[in-house]
Amino acid sequence: MKVCEKVQKKGTTSYNEVADELVAEFSTADNHISPNQAYDQKNIRRRVYDALNVLMAMNIISKEKKEIKWIGLPTNSAQECQNLEVERQRRLERIKQKQSQLQELILQQIAFKNLVQRNRQAEQQANRSPPANSVIHLPFIIVNTSKKTVIDCSISNDKFEYLFNFDNTFEIHDDIEVLKRMGMACGLESGSCSAEDLKTARSLVPKALEPYVTGK
């Protein structure tokens, strides 16, 4: 216990440092005892060496050349089990979050590809490209508010920053939300996907990602 306490207190030490301090401590204590009961210094050093080997075997300390480092006392089984369960739940929650993010990215891919197909069909039917002033480029946002709302808009000189002030409530919708409302995500976002829409959605994603579309 003395050896263990010494290494724990110092963090990083050496065999000689621990042995010298323990010899000094026991020698000082022996000044108040009869000389016949004095501790043998060689015996103390040998016991320190043995104790350090035991601590290393238990992975409480580590040793590299002459340097000894404190690792920590082992936890009991119940505490270790509890820690593992907490870590397991943390990782399961992280996996759940990643799956949710992946599903959202798949919905975006399906919506974009559906939009491309719809625009191509429209161009083929009209036999011409859409007029320049009728094109909305991605990404975009839509701000929705009452017709009576007074909006003050300020634009920076480089047109990279826009500042809006509203005197009433308003909503902001991004392009993905708009595409979902247009049905470009095949109803997957609301769970109202028909068999035909599901077939279309599966055709728009790589084979390896199909299970995230069908939920299987």
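Here the structure is shown first, and the text comes after it.
Presented here is a report on the structure given in the accompanying data block. Here the residue numbers are simple positions, counted from 1 along each chain's written sequence. Local features are withheld for residues below a pLDDT of 70 in this predicted model, meaning they are given only at 70 or higher, and side-chain atom pairs are given and counted only at 80 or more; totals for whole chains, interfaces and linings count all residues. As a convention, hydrogens and water are excluded, and side-chain values are obtained from all of the structure's heavy atoms.

Note: two strands are recorded as paired if DSSP finds a minimum of 2 bridges between them. A helix here means a DSSP run of H or I that spans at least four residues, while a strand means a run of E at least two residues long, and both kinds are numbered starting from the N terminus. Taken in spatial order, the 3 strands make up an open sheet running β1-β3-β2, and their pairing is antiparallel. Only two strands of the sheet have a single partner each, and these edge strands are β1 (12-13) and β2 (61-64). Residue contacts follow a heavy-atom distance rule, with two residues in contact if any of their heavy atoms lie within 4.5 Å. Fitted lines through C-alpha atoms give the axes, limited to the stretch in contact for helices. The angle between two N-to-C directions lies from 0 to 180 degrees. Seen against the sheet, helix α1 (residues 2-10) touches β1, β2 and β3 (67-70) and runs at an angle of roughly 85 degrees to β3.

Attention shifts here to a nonpolar patch on the surface. Together, I141, V143, F170 and I172 give the surface a local cluster of nonpolar side chains, amounting to about 370 Å² of exposed area. Taken together, the elements giving at least two residues each to the nonpolar patch come down to β4 (141-145) and β7 (170-174). The topology assignment puts I172 in strand β7. For patches, a residue must show more than 30% relative accessible area and have no salt bridge; joins then use 9 Å for like charges and 5 Å for nonpolar side chains, namely Val, Leu, Ile, Met, Phe, Trp and Tyr. Reported accessibility uses the Shrake-Rupley method at a 1.4 Å probe radius. Residues are deemed covered only where the shown protein chains occlude them. For this document, the term salt bridge refers to a Lys or Arg side-chain nitrogen within 4 Å of an Asp or Glu carboxyl oxygen.

Here we take up the packing of aromatic side chains. To describe a pair of aromatic rings, you give the distance between the ring centres and the angle between the ring planes. Any Phe, Tyr or Trp ring, taking Trp's six-membered ring, that has another such ring centre within 6.5 Å forms a pair; planes under 30 degrees apart are called stacked, those over 60 apart edge-to-face, and the others tilted. According to the stated counting rule, one finds 3 aromatic pairs in the structure shown. The interplanar angle of 90 degrees and the centroid separation of 6.1 Å between the aromatic rings of Y15 and Y49 together place this pair among those described as edge-to-face. Taken as a pair, Y15 in helix α2 (residues 15-30) and Y49 in helix α3 (residues 41-57) lie far apart in primary sequence, 34 residues in all. Residue class for Y49 comes out partly exposed when judged on its relative accessible area of 44%. Remark: exposure states derive from per-residue accessible area (1.4 Å probe, protein chains only) relative to the maximum for the residue type, with buried under 20%, exposed over 50%, and partly exposed in between.

Moving on, we come to the pairing of β2. Side chains on a regular strand alternate between the two faces of the sheet. Bridge count between β2 and β3: 4 bridges; the pairing is antiparallel. Across the sheet, residue E64 finds its bridge partner in β3, namely E67. Adjacent in sequence and paired antiparallel, β2 and β3 are bridged by 2 residues, among which K65 carries a positive phi angle near 55 degrees.

Let's shift gears to the pattern of salt bridges. Using the criterion set out here, one finds 13 salt bridges in the structure. The partner of K6 in a salt bridge is E25, and the shortest N-O contact between them spans 2.5 Å. Of this pair, K6 sits in helix α1 while E25 sits in helix α2, and the two are 19 residues apart along the sequence. On the basis of relative accessibility, which here comes to 15%, the residue K6 falls in the buried class. What emerges from the salt-bridge pattern is a single network uniting K6, K10, E17, E21 and E25.

To continue, consider unusual backbone geometry. In this structure, the amide linkage connecting L138 to the following residue, P139, adopts the cis form with an omega of -5 degrees. Mapped onto the secondary structure, P139 falls in the loop between α4 (77-126) and β4. Unlike most non-glycine residues, N59 shows phi in positive territory, near 60 degrees. With respect to the secondary-structure elements, N59 resides in the loop between α3 and β2. In this model, K65 sits at a positive phi of 55 degrees, which is unusual for a non-glycine residue. For K65, a relative accessible area of 78% puts it in the exposed group.

Right, let's get into the nonpolar core. Of all hydrophobic cores here, the largest spans 14 residues; its most connected members are V3, V7, V48, L52 and I61. Residue assignment for this core shows that the elements contributing at least two residues are α1, α2 and α3. Discounting residues that sit within four places of it in the chain, V7 has contacts with T13, V18, L52, I61, I68, K69 and W70. The criterion is simple. A nonpolar core is a set of buried Ala, Val, Leu, Ile, Met, Phe, Trp, Tyr and Cys residues joined through side-chain atoms within 4.5 Å. I106, A201, L204 and V205 belong to the second largest nonpolar core, which has 7 residues in total.

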